[in-house]
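The primary structure of each chain is shown beneath.
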Amino acid sequence: MKAIFITGANRGLGKGFVEYSLNKGYRVFAGVRNILDFDEKLTSNHNLTLIPVDITDEVSITNAFLLVKKETEHLDFLVNNAGNNKDSATNNNKDIVCKLSQLDRNVLLDMFNVNSISPMMVLKQFLPLLQGKPSFVINISSARSSNKDENQNTNGNYGYRASKAALNLMTVASLFDLPPNVRTFAVHPGSVKTDMNPTGTDLPIDQASKIIEITNNWKDEFNGKFLRYDGTIYPL
Ligand SMILES: NC(=O)c1ccc[n+]([C@@H]2O[C@H](COP(=O)([O-])OP(=O)(O)OC[C@H]3O[C@@H](n4cnc5c(N)ncnc54)[C@H](OP(=O)(O)O)[C@@H]3O)[C@@H](O)[C@H]2O)c1
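Residues numbered from 1 in each chain as written. Predicted model: local features only at pLDDT ≥ 70, side-chain atom pairs only at ≥ 80, totals over all residues. Heavy atoms only, no water.

### Digging into the overall build of the chain
Consideration 1: Of the regular secondary structure elements, the chain holds seven helices and seven strands.
Consideration 2: Secondary structure elements in the chain, listed N-terminal to C-terminal, are β-α-β-β-α-β-α-α-α-β-α-β-α-β.
Consideration 3: Relative to the globule expectation of 18 Å for 236 residues, the C-alpha radius of gyration of the chain, 17 Å, shows essentially globular dimensions.
Consideration 4: Principal axes of the C-alpha set define a box for the chain whose edges measure 50 × 40 × 35 Å.
Consideration 5: Counting all 236 residues of the chain, 51% fall into the buried class.
Consideration 6: The contacts of the chain with a sequence gap of at least 6 include a subset with a gap of at least 24, amounting to 66%. (Helix = DSSP H or I, 4+ residues; strand = E, 2+ residues; numbered from the N terminus. Rg over C-alpha atoms; globule rule 2.2 N^0.38 Å. Buried < 20%, exposed > 50% of the residue type's maximum accessible area, 1.4 Å probe, protein only. Contact = heavy atoms within 4.5 Å.)

Next comes the structure, spelled out in structure tokens:
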């Protein structure tokens, strides 16, 4: 049975990964900030364990690691999905991340903390569970990190674009340290209909399925790269 740990698993794309993985019969460890925010309908599934975790808190990550380790010796997938964008980061005051005249240092730092640094802190602590057998570290990035953004360019969005670009490069950097059995990639998940992107056109479970499919059709050239959900290499 495959085992997966997903951060930000209570809603949006993260929940899509949970639903896809449960449908596939995986052992699912759903990382959530607040377990009360999790859909009760899913909790009766015996393959699911809720793991409280705030990815910006080292002690919280350690506790999450210990809870997962109690139940499995190996993870096939670590999905660094939790992230924040202008609305979730700023309570709808987009200008403090999107307009140069109003940029707010602390909000920008928070976006780098959540989107770029925390995924590496999670990887650092979870690495012992990725040893031995083949594993994939999937870092959920965004087309917004690319100079060739396929979405309409509506604003600068300094914090989101730059913090996801940093995540892409942290993914490259991790290649120097990961053992050969651990493969990693950053990935643009599409335009996913979630709280972060209410006008999104893709369903979370479909995009989760496509992203896992990349690992089934794995090519060595993907390692460390920024990919699109359809398994093509995304231009940076
Ligand atoms: N939706 C899209 O079209 C789209 C496009 C490109 C990339 N992405 C990326 O896809 C990922 C998922 O996005 P989404 O659209 O599903 O967003 P979402 O609906 O806003 O969900 C964000 C998730 O991240 C969690 N989270 C935020 N900060 C956290 C923290 N410090 N610790 C733990 N969990 C935290 C949230 O938990 P709470 O519920 O506790 O707040 C929530 O579960 C993100 O990395 C996003 O940047 C999305």
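Moving on from the coordinates now.
### Comments concerning the site of the ligand
Consideration 1: Around the ligand there are 28 residues in total, and Asn10, Arg11, Asn81, Tyr160 and Thr194 lie nearest to it.
Consideration 2: Interatomic distance of 2.8 Å between a side-chain N/O atom of Arg33 and an oxygen atom of the ligand.
Consideration 3: Between the ligand and Asn197 there is a distance of 2.9 Å, counted from an oxygen atom to a side-chain nitrogen or oxygen.
Consideration 4: For the ligand, the protein covers 94% of the area, taking 900 Å² as the surface of the free molecule.
Consideration 5: If you map the ligand onto the pockets, it falls in the largest pocket.
Consideration 6: Contributions of two or more residues to the shell around the ligand are made by helix H1 (12-23) and helix H6 (158-174).
Consideration 7: Here the shell around the ligand is composed, by residue class, of 10 nonpolar, 13 polar and five charged. (Near = heavy atom within 4 Å. Polar contact = N/O pair within 3.5 Å; in protein donor to acceptor, adjacent residues only side chain to side chain. Areas by Shrake-Rupley, 256 points an atom, 1.4 Å probe, with all protein chains shown as cover. 1 Å grid on protein atoms, 1.4 Å probe; cavity = no way out; pocket = protein on both sides within 12 Å on 5 of 7 lines; lining within 4 Å. Sits in = over half its atoms within 2 Å of the grid points. Nonpolar A, V, L, I, M, F, W, Y, C, P; charged D, E, K, R; others polar.)

### Some words on the sheet that holds strand S5 (residues 135-140)
Consideration 1: Strand order in the open sheet formed by seven strands is S3-S2-S1-S4-S5-S6-S7, and the pairing between neighbours is parallel. For this open sheet the edge positions go to strand S3 (48-52) and strand S7 (226-228), each flanked by a neighbour on one side alone. The sheet shows a mean angle of 25° between the axes of neighbouring strands, taken without regard to direction.
Consideration 2: In this fold helix H5 (residues 105-126) packs onto strand S1 (3-6), strand S4 (77-80) and S5, with an angle of close to 160° to the strand it touches most, S4.
Consideration 3: The strands touched by H6 are S5, strand S6 (182-188) and S7; relative to S6, the strand with the most contacts, the crossing angle is about 165°. (Pairing = 2+ DSSP bridges. Axes fitted to C-alpha atoms, helices over the stretch in contact; angles between N-to-C directions.)

### As for the nonpolar core
Consideration 1: If you look at the biggest cluster of nonpolar residues, it comprises 31 residues, and the most contacted ones within it are Ile4, Phe17, Val18, Ile138 and Phe185.
Consideration 2: Mapped by element, the contributors of at least two residues to this core are S1, H1, strand S2 (27-32), S4, S5, S6 and helix H7 (204-216).
Consideration 3: With five residues, the single largest contributor to this core is H1.
Consideration 4: Core analysis: the second largest hydrophobic core is formed by 24 residues, Leu75, Val114, Met120 and Leu167 among them. (Core = buried A, V, L, I, M, F, W, Y, C linked by side-chain atoms within 4.5 Å.)

### Considerations on the layout of surface pockets
Consideration 1: Taken as a whole, the largest pocket spans an internal volume of roughly 1,200 Å³.
Consideration 2: Looking at the lining of the largest pocket, the elements that each hand over two or more residues are H1, S2, helix H3 (86-90), H5 and H6.
Consideration 3: When residues of the lining of the largest pocket are assigned to their parent elements, the largest contribution, four residues, is made by H3. (Points joined across faces, edges and corners; volume = space filled by probe spheres on them.)

### Focus on H7
Consideration 1: Taking 1.5 Å per residue, 13 residues should reach 18 Å; H7 reaches 19 Å between its end C-alpha atoms and fits that length.
Consideration 2: Residues of H7 that are buried include every one of Pro204, Gln207, Ala208, Ile211, Ile212, Ile214 and Thr215, and no others. All buried residues of H7 lie within an arc of 135° about the axis, which places them on one face of the element.
Consideration 3: For H7, the secondary structure elements touched by its buried residues are S1, H1, S4, S5, S6 and S7. (Expected span 1.5 Å × (residues − 1). Arc of directions from axis to C-beta.)

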